[in-house]
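Chain by chain, the residues:
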Amino acid sequence: MASQLKVDTLTGVTTAGSIVVTGEGNSTTTNLQQGLCKAWCYFDGTAGTISFSDSFNGSSLTDVATGQYDISFSSSMANSTYPCNMSDADRNDNRATFPNDGASCRMYNRMGIDGQAANDNDASQAQFTAHGDLA
Amino acid sequence: MASILRVNTLTDASSNNSVATSVVFNGTTKAWVHFDQTDQSMYDNYNIGSITDKAVGETTFTFTSNMSAANWSASFYANTSGSSGDSQFGASMSGNIGLRTATGFIFEGYNGSSMIDSKHCDTQVFGDLA
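Treat the numbers as computed from the prediction; the structure is a model and nothing was measured. (Residues numbered from 1 in each chain as written. Chains lettered and ligands numbered in written order. Predicted model: local features only at pLDDT ≥ 70, side-chain atom pairs only at ≥ 80, totals over all residues.)

Trainee: A description of the overall build of chain A should follow, citing residues and the corresponding values.
Mentor: Scanning chain A from terminus to terminus reveals 1 helix and 11 strands. Taken from N to C terminus, the helices and strands of chain A fall in the order β-β-β-α-β-β-β-β-β-β-β-β. For 135 residues, the compact-globule estimate of 2.2 N^0.38 gives 14 Å, and the C-alpha radius of gyration of chain A, at 18 Å, exceeds that figure by more than 25%. Viewed in the frame of its principal axes, chain A has a C-alpha envelope of about 60 × 30 × 30 Å. Taking all 135 residues of chain A together, the buried fraction comes to 33%. Once local pairs closer than 6 in sequence are excluded, the contacts in chain A between residues at least 24 apart make up 45%. (Helix = DSSP H or I, 4+ residues; strand = E, 2+ residues; numbered from the N terminus. Rg over C-alpha atoms; globule rule 2.2 N^0.38 Å. Buried ≥ 20, exposed ≤ 12 C-beta atoms within 10 Å, placed from the backbone. Contact = placed C-beta atoms within 7 Å.)

Okay, here's the thing in structure tokens:
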């Protein structure tokens, strides 16, 4: 029987931040909170004033320097060891991400592969994701 | 008291933002890890059972809860630099998730001419659990 649950907040009973979900193959389980993407965004880093085109859990973007951006989170991460990725449209660029702390993460977009000089370069289609533990 | 909730759809209390539970569960990351390939230490992880140094630039992982098959999807990120702003990340750096199975995978870092260990390596795994 199809069912629908109307709820604004999901919370674990035994541990508030832990809800177990049965896997697609019906034999193993995963943790809902651990698996959720904690932040993502899309923005044009070449704009004079950068802003989110779309985002989740991003409170602000800072244009630190050419090819360098900080995303601040609305809800902070629990530490500064969370895994995060940045992508862009230019195949000749390389990217790096370094969490500043639990509240924000820095993204770097740099020309430098295929023998090019390694210069920071603005990203026109910057994309960012972060996983890990929320505070 | 522990409980099991069986439901096909979640919405907010106002009946907006409806989402099928299958979307939530299929879209949930099944494993992720941020690790240092130079000493095989994990900064943080979820659903990683073990980490083993296979060779330079190659690290073997097993899952705690296995995937249903070998056709899952994963991201790849590696940075040879241990600090922000270091010029090392400008060097050619590529790699892949190799030898993926239902039970684990090998993370392989390559700098354009040889296998290389990186200080900051990330991957996130999506797909179906067993």
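Trainee: Tell me about the overall build of chain B, residues and numbers included.
Mentor: Each helix and strand in chain B was counted, giving 1 helix and 11 strands. Helices and strands in chain B line up, N terminus first, as β-β-α-β-β-β-β-β-β-β-β-β. For chain B, whose C-alpha radius of gyration is 18 Å, the value lies well above the compact-globule estimate of 14 Å for 130 residues. Each of the three principal axes of chain B carries a C-alpha extent, and together these read 55 × 30 × 30 Å. Residues classed as buried in chain B amount to 32% of the 130 residues present. Sequence-distant contacts, at least 24 apart, represent 51% of the contacts inside chain B between residues at least 6 apart.

Trainee: An account of the nonpolar core is needed here, citing residue identities and associated values.
Mentor: Within the largest apolar cluster, 19 residues are counted, with the highest numbers of intra-cluster contacts made by A:I71, A:M107, A:A126 and A:F128. Only β4 (39-43), β7 (68-73), β8 (84-87), β10 (104-111) and β11 (126-130) of chain A provide two or more residues apiece to this core. Setting aside its immediate chain neighbours within four residues, A:I71 contacts A:C41, A:G58, A:L61, A:S104, A:C105 and A:F128. Counting 16 residues, the second largest nonpolar core, distinct from the first, contains B:A31, B:F35, B:W72 and B:V125. (Core = buried A, V, L, I, M, F, W, Y, C linked by C-beta atoms within 7 Å.)

Trainee: With reference to specific residues and values, describe the interface of chain B and chain A.
Mentor: On the side of chain A, 38 residues touch chain B, which itself brings 43 residues to the contact. For the side of chain B that touches chain A, the secondary-structure elements that each account for two or more residues are β1 (9-11), α1 (21-27), β3 (31-36), β4 (41-46), β8 (77-79) and β11 (120-126) of chain B. Looking at the side of chain B that touches chain A residue by residue, the class counts come to 17 nonpolar, 20 polar and 6 charged. Bridge analysis of strand β1 (residues 4-6) of chain A against β1(B) gives 3 bridges, and the strand direction is parallel. Bridging across to β1(B), A:L5 finds its partner in B:L10. (Nonpolar A, V, L, I, M, F, W, Y, C, P; charged D, E, K, R; others polar. Pairing = 2+ DSSP bridges.)

Trainee: Now, about the sheet that holds strand β6 (residues 58-65) of chain A: what can you tell me, with residues and values included?
Mentor: Residue and element names in this part refer to chain A. In spatial order, the strands read β6-β7-β10-β9; together these 4 strands make up an open sheet with antiparallel pairing. Strand pairing shows two members of the sheet lacking a second neighbour, β6 and β9 (93-99), which therefore form its edges. Averaged over all pairs of adjacent strands, the angle between strand axes in this sheet comes to 20°, irrespective of strand direction. With 6 bridges connecting them, β6 and β7 associate as antiparallel partners. (Axes fitted to C-alpha atoms, helices over the stretch in contact; angles between N-to-C directions.)

Trainee: Account for the domain arrangement of chain A, naming residues and giving values.
Mentor: What the domain assignment lists for chain A is domain 1 (8-36) and domain 2 (38-130). Measuring from the centre of the C-alpha atoms in domain 1 of chain A to the corresponding centre in domain 2 of chain A gives 29 Å. (Domains from an automatic or database assignment.)

Trainee: Explain unusual backbone geometry residue by residue, including any values.
Mentor: All names here are of chain B. The backbone of Q40 sits at a positive phi, close to 60°, despite the residue not being glycine. Of note, Q40 is situated in the loop between β3 and β4. Phi angles above zero are rare outside glycine, and L99 is one such case at about 45°. Within the element layout of this structure, L99 appears in the loop between β9 (94-98) and β10 (104-110).

Trainee: Please give an account of the sheet that holds β8(A) that cites residues and values.
Mentor: All names here are of chain A. Ordered by their spatial adjacency, 4 strands build an open sheet running β5-β4-β11-β8, and the pairing between neighbours is antiparallel. With partners counted over all chains shown, the strands left at the sheet margins are β5 (52-56) and β8, one partner each. Averaged over neighbouring strand pairs, the angle between their axes works out to 5° when direction is ignored. Inspection of the sheet shows β4 paired to β5 by 4 bridges, in the antiparallel sense. Bridge assignment links Y42 to a residue of β5, and that residue is D54.

Trainee: A description of the confidence of the model for chain B should follow, citing residues and the corresponding values.
Mentor: Taken over all residues, the pLDDT of chain B has a mean of 87, while the share at 70 or more is 91%. Per-residue pLDDT, averaged within each element of chain B, yields its smallest value for β9(B) (80) and its largest for strand β5 (residues 48-55) of chain B (97). (pLDDT = per-residue confidence, 0-100.)

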